[in-house]
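# Structural overview
Spelled out, the chains give:
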Amino acid sequence: MTAAPLPDRAGSSDDTGALLQIRHLRKLFDSFVALDDVSLDVSRGEVVVVLGPSGSGKSTLCRCINRMEKPTSGSIRIDGVEVPQEGRALAQLRTDVGMVFQSFNLFRHLSVLDNVMLGPVRVRGLTTTDARREAMDLLDRVGIGSKADGMPAELSGGQQQRVAIARSLAMHPKIMLFDEPTSALDPEMVSGVLDVMVELAADGMTMLVVTHEMGFARKAADRVVFMDAGNIAEIATPDDFFDHPSTERARDFLSKILAH
């Protein structure tokens, strides 16, 4: 698969500043503390992989970043702009944040090509001709250009997830969030999706990735964030995290994950 250049999306902050800034983020579900005073910076072009046991707050963190969940307190800034609570400003800022979920969330009644074209035409205001050309470039890039006229139901899970990635890229996001993008896939489909993500990382896309794929974390991450019980317990380079974890909780987690 030949990588095409990433869509250009100029930012307002300087290249040395954090593209994503999270400060003292807290999220409660009734009395359950899902996130407890989480602060994190993600620099432009950086790939941050978030690891941790189930229930540690990883997916909640992703969902708070684009306000799919409303934080109880704290602040989130994307390219220097605080994420709005609601309304048109929130809808506009969400175009800066691509998100790929466990489930593919494709429109079942639309073709693969139309799924990718929909946002650029309706939100970005592209002409149908320009949106079609860009969508085909992206589908070729993720390796499923030949499926452009097919329907989602005709695709494997791995192919549908690649469509979801292309659809997010079509909005020219400043940052991509991945929430366990391979967890719903059969094992033989996982590598194709991870290959696309590795190429995105190599091409400079800013990414925050929640995953249990340790190989991807080692290969593509600039930093690993380990979460436990709603807190960030450890932040390290992949080599340091996997070879010399600094916390007992991380050592216990890795001993269980890497033993299988």
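Residue positions are counted from 1 within each chain, in the order its sequence is given. Totals for whole chains, interfaces and linings use every residue, but because this is a predicted model, local features are given only for residues with pLDDT of at least 70 and side-chain atom pairs only at 80 or more, for both listing and counting. The side-chain quantities take in all heavy atoms of the structure and omit both hydrogens and water.

The name given to the protein in an unreviewed UniProt entry is ABC-type polar-amino-acid transporter, with the source organism recorded as Nakamurella panacisegetis. Taken directly from UniProt, the Subcellular location (unreviewed entry) text for the protein runs: "Cell membrane". UniProt positions are given in the numbering used here, feature names are shortened, and annotations may be inferred rather than shown by experiment. Checking UniProt for the protein, the heading Catalytic activity (unreviewed entry) contains the comment "a polar amino acid(out) + ATP + H2O = a polar amino acid(in) + ADP + phosphate + H(+)".

### Structural notes on the sheet that holds strand β8 (residues 206-210)
Taken in spatial order, the six strands of this open sheet run β6-β7-β8-β3-β9-β10, and their pairing is mixed. Sheet topology places β6 (97-100) and β10 (231-236) at the edges, where each strand pairs with a single neighbour. Neighbouring strand axes in the sheet, compared pairwise and without regard to direction, differ in orientation by 20° on average. Pairs of residues are marked as contacts when any of their non-hydrogen atoms sit within 4.5 Å. Here an axis means a line fitted to C-alpha atoms, over the contact stretch when the element is a helix, while the angle between two N-to-C directions is reported on a 0 to 180 degree scale. Going along the chain from the N terminus, every DSSP run of H or I of four or more residues is numbered as a helix, and every run of E of two or more is numbered as a strand. Lying on the sheet, helix α1 (residues 58-65) is in contact with β3 (47-51), β6, β7 (175-179), β8 and β9 (223-228); it crosses β7 at an angle near 145°. Pairing between strands is defined by DSSP: at least two bridges between them are needed.

### A closer look at the confidence of the model for the protein
For every residue, the pLDDT score states the predictor's confidence, bounded by 0 at the bottom and 100 at the top. Mean pLDDT over the protein: 89, with 93% of residues reaching 70 or higher. Per-residue pLDDT, averaged within each element of the protein, yields its smallest value for helix α2 (residues 87-94) (79) and its largest for β3 (97). Confidence over residues 1-16 falls short of pLDDT 50; this stretch has 38 contacts with residues more than four positions distant or in other chains.

### Some details on the pairing of strand β2 (residues 32-43)
Each regular strand shows side chains that alternate between the opposite faces of the sheet. Relative to β2, strand β1 (residues 18-29) runs antiparallel, the two being bridged by eight bridges. If you follow Phe 29 over to β2, its bridge partner there is Phe 32. In textbook terms, the turn of a hairpin is the stretch between consecutive antiparallel strands, and for β1 and β2 this stretch comprises two residues, one of which, Asp 30, has a positive phi near 60°.

### Topic: the packing of aromatic side chains
Any Phe, Tyr or Trp ring, taking Trp's six-membered ring, that has another such ring centre within 6.5 Å forms a pair; planes under 30 degrees apart are called stacked, those over 60 apart edge-to-face, and the others tilted. A complete count under the given rule lists three aromatic pairs for this structure. Taking 5.2 Å as the distance between ring centres and 50° as the angle between the ring planes, the aromatic pair formed by Phe 226 and Phe 253 counts as tilted. Pair noted here: Phe 226 is in strand β9 and Phe 253 is in helix α9 (residues 248-257), with a separation of 27 residues, a long-range link. Summarising the burial analysis for this pair, Phe 226 and Phe 253 share the class buried. Centre to centre, the rings of Phe 241 and Phe 242 are 5.3 Å apart; their planes meet at 80°, and the pair counts as edge-to-face. For the pair Phe 241 and Phe 242, a shared accessibility class is recorded, and that class is buried. Only when the NZ of Lys or the CZ of Arg is both within 6 Å of the ring centre and within 35 degrees of the ring normal is a charge said to sit over the ring. Sitting above the plane of the Phe 29 ring, Lys 27 keeps its charged end 4.8 Å from the centroid. For each residue, the accessible area found with a 1.4 Å probe, counting protein chains only, is set against the maximum for its type, and the residue is called buried under 20%, exposed over 50%, and partly exposed in between.

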